[in-house]
Amino acid sequence: MAGVSALLHWLAVPEVGLGAIFVIAFVSATLLPMGSEPAVFGLVKLQPELFWPAILVATVGNTLGGGLTWWMGLGARQAADRVRHEAGHAPDLQPGHDKPADHRALKWLQRYGAPACLLSWLPVVGDPLCAVAGWLRLPFWPCLLFMGIGKFLRYLSMTAVLIHVT
């Protein structure tokens with residue numbers, strides 16, 4: 001219990017600020033259900049001079065978390081291919097073995113490729129999108145670039161709107 005208390009104390013936004021934003025943004029970009037926007041908004045509300053640094057740090061953390069999720073998708077694909085190979089099945093995706101809606105989503109992502117990662121900022125589907133991009137072996141660096149652009153625009157717009165509204 002003391003370890004959790006110490007971690008929460010270390011992540012306290014007013015005391016650590018940008019470090020906490022990075023960690024929260026990174027973790028929230030994995031498949032864990034967590035949002036980083038309230039932390040970014042809270043820091044900027046407490047310290048308005050940190051608007052741009054907070055946006056940039058959150059973008060970097062969230063993008064790197066999306067990159068980790070991409071690698072997790074690739075690792076899952078490699079493990080599945082290994083299992084299929086050992087079982088004597090073809091290693092590629094087998095059309096018709098999945099639900100039609102799943103197949104349409106995969107075809108859509110294959111069609112648009114790395115630019116589809118611009119949508120990685122979306123709630124619910126954004127994080128799995130990064131994993132599927134890795135599963136499909138879409139090129140890592142272009143995917144990471146498009147993730148970063150989408151996440152930057154999300155943090156910028158959401159934080160600016162919240163600051164303006166409150």
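Residues numbered from 1 in each chain as written. Predicted model: local features only at pLDDT ≥ 70, side-chain atom pairs only at ≥ 80, totals over all residues. Heavy atoms only, no water.

*Asks:* Can you help me understand the overall build of the chain in this one?
*Replies:* The number of helices and strands found in the chain is eight helices and zero strands. Ordered by position in the sequence, the α and β elements of the chain form the string α-α-α-α-α-α-α-α. Relative to its 166 residues, the chain shows a buried fraction of 38%. For the chain, restricting intrachain contacts to residue pairs at least 6 apart in sequence, the fraction spanning at least 24 positions comes to 72%. (Helix = DSSP H or I, 4+ residues; strand = E, 2+ residues; numbered from the N terminus. Buried < 20%, exposed > 50% of the residue type's maximum accessible area, 1.4 Å probe, protein only. Contact = heavy atoms within 4.5 Å.)

*Asks:* Please explain the packing of helix α3 (residues 18–28) against helix α4 (residues 37–46) as it appears in this structure.
*Replies:* With their axes 9 Å apart at the nearest point, α3 and α4 run at an angle of 165° to one another. Overall, the two elements α3 and α4 adopt an arrangement that is roughly antiparallel. For the pair α3 and α4, the sense of crossing is left-handed. Facing Leu18, Ile21 and Ile24 of α3, the residues of α4 in contact are Ala39, Val40 and Leu43. (Axes fitted to C-alpha atoms, helices over the stretch in contact; angles between N-to-C directions. Parallel < 35°, antiparallel > 145°, perpendicular 65-115°, else oblique. Left-handed = near helix turned anticlockwise from the far one by under 90°.)

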